[in-house]
Amino acid sequence: MNKENNLDPLRHTLAHLLASAVLELYPNTKNTIGPAIDNGFYYDFEFPTDVKLSDKDLHDIEKKMKKNLNSWKEFTHKEVSEKEAKAHFKDNPYKLELIEEIVGKGEKITLYTCGDFTDLCRGGHIDNPSKDIHGDSFKLSHIAGAYWRGSEKNKMLTRIYGLAFETKERLDEYEKQKIEAEKRDHRKLGKELGIFTFDDDVGPGLPLWLPNGAEIIEELEILAKETEKDQGYKRVRTPHIAKESMYLKSGHLPYYKESMFPPMEYEGGKYYLKAMNCPHHHKIFSFSQRSYKDLPLRLAEYGTCYRHEKSGELFGLMRVRMLEMNDAHIYCTEEQFADEFRAVNEMYLKYFKIFGIEKYIMRFSTHDPKHLGDKFVNEPELWKKTEDMVRNVLIESNIPYIEIANEAAFYGPKIDVQVWSAIGREFTLATNQVDFAVPKRFNLTYIDNEGKEQTPLCIHRAPLGTHERFIGFLIEHYGGNFPLWLSPVQVKVIPIAEAHHAKANEIYEKLKERRIRVEIDLSKEGFGKKIREAKVMRIPYFIIIGDKDIEISKVTLESRDHGQIGQLSEDEVVERMVKEIVERR
Ligand SMILES: [Zn+2]
Ligand SMILES: [Zn+2]
C-alpha cells in the first residue's frame, strides 16, 4: 500500500531502468512486463537459453542501472498505431501479445521513452529520474522464476526483483525488518510449530490444519462466537456449493467467474463451490417475510469459501484456494445503519486490543458521483447518506482512516482494514462493505411500521478476516510465541528425574481437569533436552518438579517470556493459568 506516499511512479520508473540495463548487457533478451510492487519493482525477462544469472550478474545490472540513471532526464511518450507498435516489437512475442490485447480492448497504444530505452507502457513515471531518484535508495534483491502471465501453461520467465524507497535510510530500515520477518516467516514457523501443511495430493492452496493449528482455530472461533453472541448475532450454517442460478442472481456470475472454481455438472445443471457466503445468507434472510421488528438481523457463520487463485500466486496461508471466513451479514434499516456500523468498529477495536495490534488504519473507499450508473449503482442519495454515516462514525470513534474517492465497490462504500504486525509489516486483514444493491437483486424486503415493503441495507463484515490470513498474520506478529490462551500447548510438566513422576502426574491431572492444554514429559531424555524441546515449541509455561519442590510441596514455574517465576503451590499455578487464559492476556 503506497498510494498515500505514492512510490509507484518511482518504482515503476526503476522497472524501466532495469529493463534498459538488462537489454544493454544481454542484447538478445526479451523484456515482458515490469510493474511497481509493495517494496519496489520487478521486471520479467526471457533470457537467451545460455544465460544463467548469478548474484554477481545482478550486481553488474544494478551498476549499469545507476550509470544509465544519470542520463535519464525526461520521459517522453507518443501514441502509435497498432502497426507501428508491432513493428517496434517485432521480435518480442510477449509485447506483441500485449499489443493485441490493448487493441482488443480498444485502448490507445503508447510508447514511453527515457534515455535510450523505449517501452510499451501506460505511463506513471517520475518526470526527471536523474534528479528525483537517489542511486542508493534502490537495489536489485533477487531472481525468481515466474510464468508468463502467472499461468503454468506458459513459459517460465526470469523475474528480477528490486527494492526501492524514497531514501537509503528507508531502504535500510526495510531490509532490517525483512530479516526479522524471515525469522518469523509463517510458512517456516507454521511447519516447525505443527500448525499447517500442504500436500500435493490434496492440492496447492488447500491448507491442512495440523492439531496445533486446529487448536488456534478453535480458540479464535470461541472468541468470535462469544463476541458475536454478546452483540446479538445469530449463527447460521450453509452448504459449500450452490446452483448456478444463485450466482447469476447474486451477480457473481459472470462478473466474478474468474475467481470461482469451474462448475461441476450434476443432475442436469451446474453447481459451483461457494466463493462468498453472502448469497447463502441472503437466502436465509428471505426464508420468511421479515418485519421491521426482525431488524437488525445479524447472521454469522465461519463460512468456508473456495476461490480460484493462479498457482503462481499462491503464497503460504496468505493466498490460498480455500478460506474460512469470520463472516456475517447485518440486515438493517437506514436508521439503524450508523449504530450497526459503529458496533462493528467497536468489535475491531476489541480484537485489536486482545491481539496487541497497536497500529491500524481504515481505508474508506467512496464513490465518485461522475460514475453513478456505470461504475457505481445509481443511488445518489443512498451513497451520500451511507458515506456520511460511515465518515461520522469513523470520526466519532477516533479511528484513524483515510478516504479514497472512486474506489468503492459497485454496490456501496467499503472499508479495508490495514494492520501492522509487531515488526511493522503491513497486512490487509478484512474488508467491510455496505451493500444497497444486492438486497434488491435478491428481492430482500421487510415490512416497515406503516405496512410498506422496504429493502434493507446489508453490511458485510469479517473483523477476523479468514483463519488462513489471520493466523498467517498472527504467526508473524507473535513470532510464534502465541499468548497463553492461543497456544496449542499451554503448559508442559517436566519432572527432573523418575522419582518426581508421581508429583508431576498430580499437577498434570489438575491442569487437565481445568481444560488447560497440558503435556507431560515422562521420557528418559535428559532434563536439559526436555527443556530445550519445550522451548523450541514456544510453550508459554513449564512446570519443573525436583527434590527441592517436593520437599516444600511446591512446583517451580518457568515462563517462556519472563523466565523463572519461582516456587508456587499447585493450586496457585492452576489459578494463575486459568486467570491468564480467561483474560486472554
Ligand atoms: Zn512505464
Ligand atoms: Zn458478504
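Residues numbered from 1 in each chain as written. Chains lettered and ligands numbered in written order. Predicted model: local features only at pLDDT ≥ 70, side-chain atom pairs only at ≥ 80, totals over all residues. Heavy atoms only, no water.

### Some thoughts on the nonpolar core
1) Next: Counting residues in hydrophobic clusters, the biggest one holds 103 residues, and the most contacted among them are Phe-355, Leu-511 and Ile-543.
2) Next: When residues in this core are grouped by element, the largest group, nine residues, is from helix α12 (residues 334-354).
3) Next: Excluding its chain neighbours within four sequence positions, the residues that come into contact with Ile-543 are Val-491, Lys-492, Val-493, Ile-494, Ile-507, Leu-511, Val-555, Thr-556, Leu-557 and Val-573.
4) Next: Counting residues in hydrophobic clusters, the runner-up holds 36 residues, among them Leu-14, Leu-18, Ala-19 and Phe-75. (Core = buried A, V, L, I, M, F, W, Y, C linked by side-chain atoms within 4.5 Å. Buried < 20%, exposed > 50% of the residue type's maximum accessible area, 1.4 Å probe, protein only. Helix = DSSP H or I, 4+ residues; strand = E, 2+ residues; numbered from the N terminus. Contact = heavy atoms within 4.5 Å.)

### Looking at the coordination of the zinc ion (ligand 2)
1) Next: Here the zinc ion (ligand 2) is held by Cys-278 (SG), His-329 (NE2) and His-460 (ND1), and the distances to it run 2.0 to 2.3 Å.
2) Next: In primary-sequence terms, the residues that donate to the zinc ion (ligand 2) follow C-x50-H-x130-H. Separated by 131 residues along the polypeptide, His-329 in strand β17 (residues 322-332) and His-460 in strand β24 (residues 457-461) bring together distant segments of the chain. (Donors = N, O, S within 2.8 Å, 3.2 Å for Na, K, Ca; no water.)

### Considering the sheet that holds strand β22 (residues 446-447)
1) Next: Ordered in space as β15-β22-β23, the three strands form an open sheet in which the pairing is mixed. Edge positions in the sheet fall to β15 (290-291) and β23 (453-454), since each of these pairs with one other strand and no more.
2) Next: Across two bridges, the pairing between β15 and β22 is parallel. Note on β22: the bridge partner recorded for Ser-291 is Ile-447. (Pairing = 2+ DSSP bridges.)

### A few points about the sheet that holds strand β29 (residues 563-568)
1) Next: Read from one edge to the other, the open sheet built from five strands follows the order β26-β25-β27-β28-β29, with strand pairing classed as mixed. On the outer flanks of this sheet lie β26 (518-520) and β29, each paired with one strand and no other. Here the strands of the sheet are splayed against their neighbours by 20° on average, with no regard to which way each runs. (Axes fitted to C-alpha atoms, helices over the stretch in contact; angles between N-to-C directions.)

### Some points on the coordination of the zinc ion (ligand 1)
1) Next: The protein atoms that coordinate the zinc ion (ligand 1) are His-12 (NE2), His-16 (NE2), Cys-121 (SG) and His-125 (NE2), at distances of 1.9 to 2.0 Å.
2) Next: Geometry at the zinc ion (ligand 1) is tetrahedral, judged from its four donor atoms and the angles of 92 to 129° they form at the metal.
3) Next: Written as a sequence motif, the donor residues of the zinc ion (ligand 1) are H-x3-H-x104-C-x3-H. Linking His-12 in helix α1 (residues 8-25) with His-125 in the loop between β6 (117-120) and α5 (129-132), this pair joins segments that are 113 residues apart in sequence. (Tetrahedral: all angles 85-135°; square planar, octahedral: opposite > 155°, others 65-115°.)

### A few points about the packing of aromatic side chains
1) Next: Scanning the entire structure with this criterion turns up 23 aromatic pairs.
2) Next: Judged by centre distance (5.6 Å) and plane angle (55°), the ring pair of Phe-45 and Phe-47 falls under tilted.
3) Next: Residue classification places Phe-45 among the buried residues on the basis of a relative accessible area of 0%.
4) Next: Phe-47 sits in the buried class, given a relative accessible area of 10%.
5) Next: Each member of the aromatic cluster is reached from another via a ring pair, and the members are Phe-355, Phe-427, Phe-470, Phe-473 and Trp-485.
6) Next: Taking the ring centre of Trp-485 as reference, the NZ or CZ of Arg-584 above it sits at 5.2 Å. (Phe/Tyr/Trp six-rings, centres within 6.5 Å; stacked < 30°, edge-to-face > 60°. Lys NZ or Arg CZ within 6 Å of the ring centre and 35° of its normal.)

### Focus: unusual backbone geometry
1) Next: Cis geometry marks the peptide bond from Leu-253 to Pro-254, where omega comes out at 0°.
2) Next: For Pro-254, the position within the fold is in helix α10 (residues 252-255).
3) Next: A positive phi is found at Arg-584, a non-glycine position, where the angle reads about 50°.
4) Next: Mapped onto the elements of the fold, Arg-584 is located in the segment after α19 (570-582).

### Overview of the pairing of strand β14 (residues 269-273)
1) Next: For strand β12 (residues 241-243) and β14, the ladder comprises three bridges, and the chain directions are antiparallel. Looking at the pairing, Ala-242 lines up with Tyr-272 of β14.
2) Next: Hairpin remark: strand β13 (residues 264-266) followed by β14, antiparallel, with two residues in the connecting loop; positive phi at Glu-267, about 45°.

### A closer look at the pairing of strand β3 (residues 40-46)
1) Next: Of all seven residues that make up β3, seven are buried, and the element is covered over most of its length.
2) Next: Both strand β1 (residues 30-31) and β3 contribute to a ladder of two bridges, which runs antiparallel. Note that in β3 the partner of Lys-30 across the bridge is Glu-46.
3) Next: Following strand β2 (residues 36-37), the chain reverses through two residues before pairing antiparallel with β3.
4) Next: Relative to strand β8 (residues 156-164), β3 runs antiparallel, the two sharing six bridges. Across the sheet, residue Tyr-43 finds its bridge partner in β8, namely Ile-160.

### With respect to helix α11 (residues 278-285)
1) Next: For α11, a buried count of six out of eight residues is recorded, marking the element as mostly surrounded by other parts of the structure.
2) Next: When α11 is considered as a whole, its buried residues turn out to be Cys-278, Pro-279, His-280, His-281, His-282 and Phe-285.

### Let's talk about the packing of α1 against helix α2 (residues 55-69)
1) Next: Relative orientation of the contacting elements α1 and α2 amounts to 115°, with a least axis distance of 9 Å. Between α1 and α2, the angle falls in the class roughly perpendicular. Once α1 is placed against α2, the crossing between them reads as right-handed. Mapping the contact onto sequence places Leu-14, Leu-17, Leu-18, Ser-20, Ala-21, Val-22, Glu-24 and Leu-25 in α1 and Asp-60, Ile-61, Lys-64, Met-65, Asn-68 and Leu-69 in α2. (Parallel < 35°, antiparallel > 145°, perpendicular 65-115°, else oblique. Left-handed = near helix turned anticlockwise from the far one by under 90°.)

### Overview of the state of the cysteines
1) Next: Enumeration according to the criterion identifies zero disulfides in this entry.
2) Next: With no disulfide partner, Cys-305 has as its closest neighbouring cysteine sulfur the one in Cys-278, 7.8 Å distant.
3) Next: Its sulfur unpaired, Cys-458 is 7.1 Å from the next cysteine sulfur, which belongs to Cys-278. (Disulfide = S-S within 2.5 Å.)

### A short note on the environment of Asp-201
1) Next: In this structure, Asp-201 sits in the loop between β9 (196-197) and β10 (208-209).
2) Next: Separated by 90 residues in sequence, Asp-201 and Ser-291 place their C-alpha atoms 49 Å apart.

### Topic: the pattern of salt bridges
1) Next: Following the criterion strictly, the structure yields 53 salt bridges and no others.
2) Next: Between Glu-506 and Lys-503 there is a salt bridge, and its shortest N-O distance comes to 3.7 Å. One end of the pair, Glu-506, and the other, Lys-503, are both in helix α16 (residues 501-513), three residues apart, so they sit about a helical turn from each other.
3) Next: With a relative accessible area of 40%, Glu-506 lands in the partly exposed category.
4) Next: When salt bridges with common partners are traced through the structure, they connect Lys-503, Glu-506, Lys-510, Glu-570 and Asp-571 into a single cluster. (Salt bridge = Lys/Arg side-chain N within 4 Å of Asp/Glu carboxyl O.)

### Considerations on the packing of helix α8 (residues 211-230) against helix α15 (residues 467-478)
1) Next: Axis separation between α8 and α15 bottoms out at 11 Å; the angle between their running directions is 110°. Classified by the interaxial angle, the pair formed by α8 and α15 is roughly perpendicular. Facing Ile-216, Ile-217, Leu-220 and Glu-221 of α8, the residues of α15 in contact are His-467, Phe-470, Ile-471 and Leu-474.
2) Next: Looking at the contact of α8 with α15 residue by residue, the classes come out as six nonpolar, one polar and one charged. (Nonpolar A, V, L, I, M, F, W, Y, C, P; charged D, E, K, R; others polar.)

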